[in-house]
Structure formats: C-alpha cells, structure tokens
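Residues per chain are reported as follows:
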Amino acid sequence: MTTEPEYIEPEGMGRAGWHKEGEGEGQARSYYRRLATPWETFIKSEGLPVFRGVGIKDTRTLPRADWPRVGGKGTYIQVTGTENKTGMFVVEIPAKGALHPQRQMYEERYVVMEGRGSVEVWKNNDSVRTAFEYGPWSLFSIPMNANFRIINSASTPALMIAVNTAPRTINSYDNMDFVFNNEFNFEDRWGGNLEDYWDNNEKVVPQPVRGRAMVTSNFIPDIANSYLPLDNNRGPGFRWVAPDQVGNRMIQGWVAEYPSGRYAKAHYHASGAVLVGLKGNGYSITWPREEGGVTPWKDGKGDLVKFQEYGPGGLISAAPGPANWFHQHFAVSKGPFRVFNYTGTMPGNPESGRLRELDDAEEGAMVKQHADISDGGNAIPYHMEDPHVREMFEESLRQVGGQTTMPPEVYTASGANIEVMTD
Ligand SMILES: [Fe+2]
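Residues numbered from 1 in each chain as written. Predicted model: local features only at pLDDT ≥ 70, side-chain atom pairs only at ≥ 80, totals over all residues. Heavy atoms only, no water.

Trainee: Help me understand the coordination of the iron ion, please; the structure alone is not making it clear to me.
Mentor: Protein-derived ligands of the iron ion are H267 (NE2), H269 (NE2) and H327 (NE2), with the metal-ligand distances lying across 2.1 Å. Taken in sequence order, the residues that donate to the iron ion follow the motif H-x1-H-x57-H. Within this pair, whereas H267 is found in strand 17 (residues 266-269), its partner H327 is found in strand 22 (residues 325-331), the two being separated by 60 residues in sequence. Look at H267 and you get buried, because its relative accessible area is 4%. (Donors = N, O, S within 2.8 Å, 3.2 Å for Na, K, Ca; no water. Helix = DSSP H or I, 4+ residues; strand = E, 2+ residues; numbered from the N terminus. Buried < 20%, exposed > 50% of the residue type's maximum accessible area, 1.4 Å probe, protein only.)

And the structure:
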C-alpha cells in the first residue's frame, strides 16, 4: 500500500468525505455545499438589482441601476424556475441616447415597453450596418453574436424587457472573453442578402413539427396588436402564434390571447415558460400537480395555489416547479388579454422543434399539451376543474363591472371540446 498523504482539513465544510487511515470501516459521509455557478457570479458582478419571485404586476416599477457594461440602467429578473436557464432583464435607454455597442454568444430577444428609436445591427469585421425602427410593443431578436446598438430617439427614456440564453452559454464556457469578444459570424442565421432581413413579414405558416401557426418575421412592429390566428387550444376563442426569428434555437416562445371574460383550461408541464403581459389585464394561478391535484381548494389544499395579477409589462413564471405545476390564465379586462411566453424553445418550430421533441414526437402521436386529462393529455377540462376556479373568476369580473363570456356548455362533459366559438 502507498503511504497516506498529508490530510488537509477542507475549509467551510466540516470534514472530508473520506476516512483517515485507522478511522475504521464505517461508511464515510459527504455533504453538499452550494457554490455559485458562473452565471450567478456574473450577474452579481454586474451590480444590478435582481428581482426573484414567481411574478410581478408590472416590471416597469422595478428599481433600475446604472449598467456600466451595457449603458443605460437595468434590473435583472430571475423568476422561480428559470435559474441558470434563462436570463431576463429590463433595460432603460436614456432619452435621445443609446446603449453601448454589444455582441454576445447567446440568443437574446427584446420587447419594447416604452420608447421609439432604431437598432443598428452589423457583422463582425464588416462596416455595413443594417437597421430597423422600433416603437411601443415592437418585438425583435438579435442574431447570435451580431453587433448591435440600441438607440432611443424619443425625448423620454425607452424601456425594454429582454430575455436570453446567457446562463447556458456562460455556464458552458465560463470565459467572458469568449462570450463577449468573439469574432465568429453565424452566417447560417445572419448571412446572404441582409437588405430585407428586418422587413416585417408576418406571413402565417404551419410549424413543421406540430402544425400550429408560426410567423416568420425577424422584426414585428407591434406584437400587442398583430394578427393572431384562432386555434382554441387553451379554451374557446383562444388565439395563438409562434414567432420564429433570426434562426434562434432556444429563444422562441409564443403569443396568445384570451377574449375578455374567458380563461384557459389548467394544464401542467415542467418549469421554464414565463408569460409577459402585452395587452389587457388578467391573472394566472399555478400549483404543484402532485401535492395539489386536480381540485386543490375542494381537497383543502388551496394554500398551495399561487396567484399573480398582471397587465402590460408584468410577468409570471407559469410553472415555477420543480416538477410539474398546473397553471391557468384569466382575462379580466374589458378587452382581450394578450400574453407572450417569451422565454423558451418553441416545440414545433423548425430549429427548436427538432431539438426538443425527440422523446415525445413519435410520428403521428397526439400532442399531450392540447388534450384533456380524460383523453390522456395534460389539461383539466372545465367540467372537471375545482368549482372555486370559476367562482373566483366570476367574482373578479364583477369587481370591475364585467361578466363571464364562457359558453355555459363547456362546464358539461359533452360540451368540453367545443372546437370553434364565435365571439
Ligand atoms: Fe403552460
């Protein structure tokens, strides 16, 4: 046997997870210590406030601090269930000012909440600048590692909410020079003739994997008022489209709208989706599927249900997790309630669809997200939901002088799958 080396007492963790020679043959134990990930260390180094929680009514009310790396002011948002997966922030661009030129080896997307101006985008080692003009509720994404500069031409500050895959990139490479000072051009996402790259091209086409509505436009001038096809997947009158932009693999998501006085069927999945309010007001509820079950209030577990009211600029982590959480969205405003799941991969779109659905997407298999639990899916049909859900919704409508517009037959087993409703 070789000689036992000098024993070094580990700092801050009691003792090592092995025995010294002569300490016997009982099993040695080891214990976890939580070390910061490269992403967690990075956002700390940025010196901005960080909002943590399940949701917030309006992100424009969050405190913002000077942001030396980016210019302007900012605040980070790390809602429950997105940690080390998705970066989110609100950035303020000063009146008649601009942010610093930036580039980064991750996908990033912006929704304009306030302001008017332009964005310049250009390749590495290329002096030709492309540009587009934005206004309130414009949606755009920056092609991976393109240079960009956001300019505010208004006489008041511009406010944008953004989402990115920075945690995944930074945790993978852990080298800021690689992430922020890299000259690689992704010609496959951002190449060829770039003259019409930023033109608005809101043509609706079917997603290749799931066949739902997809819009392929790298820039959408007003995502709060753009056309959304009717698909009724989350409830009668429900409209939905998935924007597919700049060759993104991860940051895709979808935009959805509920008519006034209607609400979604509850459904469950793992964490990751974050809904941002675009138009109208409403609320979402979310609860852990295993502990809360299908009817949490009826079963005396109503305290497990989290509630978040929000409107334009507000957000909620739809399924905070860990594991599957049921969630459900409600339109309370006089007009429709439009939300944007702006974080995630988009099951069904050409690039992220082939990355994400390999396990579930056997040819011809039903998409469980759009089927009721009574049909082997993930959604609770209205006639099986906790009666308190409907009572609570109708009460919140009464408080603002509104009333439900839910077709009464959806609360019966035979009317559970009404395909198309007229308003
Ligand atoms: Fe969902």
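Trainee: It is not clear to me how the environment of G55 should be interpreted in this structure. Could you clarify?
Mentor: Within the fold, G55 resides in strand 2 (residues 55-56). The class for G55 is buried, based on a relative accessible area of 14%. Between the C-alpha atoms of G55 and H269, which are 214 residues apart in sequence, the distance is 18 Å. If we skip the residues at most four places from it in the chain, G55 touches Q308, L315 and I316. (Contact = heavy atoms within 4.5 Å.)

Trainee: Honestly, the sheet that holds strand 15 (residues 239-243) in this entry has me stumped. Any pointers?
Mentor: Within a sheet, adjacent strands bond to each other through the backbone by hydrogen bonds, running parallel or antiparallel. Spatial strand order, 2-21-18-23-16-15-13-12: eight strands in an open sheet with mixed pairing. Looking at which strands have only one partner, the edges of the open sheet turn out to be strand 2 and strand 12 (204-206). Note: strand 18 (residues 274-279) against strand 23 (residues 337-341), four bridges, orientation antiparallel. In the sheet register, L275 faces strand 23, and the bridge partner there is N341. (Pairing = 2+ DSSP bridges.)

Trainee: Sorry if this is basic, but what is going on with the domain arrangement of the chain here?
Mentor: One widely used convention gives an interface's size as the accessible area the parts lose upon coming together. What the domain assignment lists for the chain is domain 1 (38-180) and domain 2 (204-415). Using only C-alpha atoms to locate each centre, domain 1 and domain 2 end up separated by 26 Å. Domain 1 puts 36 residues into the contact, and the matching count from domain 2 is 38 residues. Each partner contributes to the roughly 2800 Å² buried at the junction of domain 1 and domain 2, and carbon and sulfur atoms together form 60% of this total. Contact with domain 2 buries surface across domain 1, with R109, W137 and L139 losing the most and accounting together for 25% of the total. On the surface where domain 1 and domain 2 come into contact, there are one salt bridge. The tally of links between domain 1 and domain 2 comes to 17 residue pairs in polar contact (both at pLDDT 80 or more). Secondary-structure elements contributing two or more residues to the side of domain 1 that touches domain 2 are strand 2, strand 4 (73-79), strand 6 (108-114), strand 8 (129-134), strand 9 (139-142) and strand 11 (158-164). Among the residues making up the side of domain 1 that touches domain 2, the classes are represented as 18 nonpolar, ten polar and eight charged. (Domains from an automatic or database assignment. Buried area = accessible area lost by both parts, 1.4 Å probe. Salt bridge = Lys/Arg side-chain N within 4 Å of Asp/Glu carboxyl O. Polar contact = N/O pair within 3.5 Å; in protein donor to acceptor, adjacent residues only side chain to side chain. Nonpolar A, V, L, I, M, F, W, Y, C, P; charged D, E, K, R; others polar.)

Trainee: I would appreciate a short explanation of helix 2 (residues 166-173) in the present structure.
Mentor: For the α-helix, the turn length of 3.6 residues means that residues three or four positions removed from each other point alike. Every buried residue of helix 2 is accounted for by A166, P167, T169 and I170. The arc enclosing the buried residues of helix 2, seen along the axis, measures out at 165°, which places them on a common side. If you follow the buried residues of helix 2, they end up packed against helix 1 (38-46), strand 5 (87-93), strand 11 and helix 3 (176-180). Following helix 2 by one or two positions, D174 has its phi on the positive side, about 50°. (Arc of directions from axis to C-beta.)

Trainee: How should I be thinking about the environment of S226 in this particular structure?
Mentor: Mapped onto the elements of the fold, S226 is located in the loop between strand 14 (219-220) and strand 15. With 93 residues separating them along the chain, S226 and A319 place their C-alpha atoms 26 Å apart. S226 has contacts with E202, I220 and R338, leaving out every residue within four places of it along the chain.

Trainee: Just checking my understanding: could you explain the nonpolar core for this structure?
Mentor: Taken as a class, soluble globular proteins show a tendency for nonpolar side chains to be buried jointly. Counting residues in each nonpolar core, the largest one holds 36 residues, and the members touching the most others are Y110, V119, F140, I150 and M160. Residues F51, V276, L315 and Y342 belong to the second largest nonpolar core, which totals 29 residues. (Core = buried A, V, L, I, M, F, W, Y, C linked by side-chain atoms within 4.5 Å.)

Trainee: Got a minute to help me understand the pattern of salt bridges in this structure?
Mentor: Two side chains bearing opposite charge may form a pair once their charged atoms approach each other closely. Evaluation of the coordinates by the stated rule reveals 16 salt bridges. Across the pair D231 and R212 runs a salt bridge, and its minimum N-O distance is 2.7 Å. Linking D231 in the loop between strand 14 and strand 15 with R212 in the loop between strand 12 and strand 13 (213-215), this pair joins segments that are 19 residues apart in sequence. Where R390 meets E394, a salt bridge forms, and the shortest distance between an N and an O atom there is 3.1 Å. Taken as a pair, R390 and E394 lie in helix 6 (residues 387-399) at a separation of four residues, close to a single helical turn.

Trainee: Just checking my understanding: could you explain the packing of aromatic side chains for this structure?
Mentor: Both the distance between ring centres and the angle between the ring planes are used here to describe each pair of aromatic rings. Under the definition given, this model contains 31 aromatic pairs. Lying across the ring of Y268, R289 places its NZ or CZ 4.1 Å from the centre. (Phe/Tyr/Trp six-rings, centres within 6.5 Å; stacked < 30°, edge-to-face > 60°. Lys NZ or Arg CZ within 6 Å of the ring centre and 35° of its normal.)

Trainee: Whenever I open this one, the pairing of strand 18 confuses me. Can you help?
Mentor: Two faces belong to every sheet, and in a regular strand the side chains alternate between them. Along strand 18, five of the six residues are buried, which leaves the element largely enclosed by surrounding structure. Note: strand 18 against strand 21 (residues 315-317), three bridges, orientation antiparallel. Bridge pairing links V276 to L315 in strand 21.

Trainee: Explain the sheet that holds strand 22 to me, please; I cannot follow it from the model alone.
Mentor: Within the open sheet, the five strands sit side by side as 20-19-22-17-24. Their pairing is antiparallel. The strands lining the two open edges of the sheet, one partner per strand, are strand 20 (306-310) and strand 24 (379-380). With five bridges connecting them, strand 19 (residues 282-288) and strand 20 associate as antiparallel partners. Residue Y283 lies in a different strand from strand 20, and its bridge partner there is E309.

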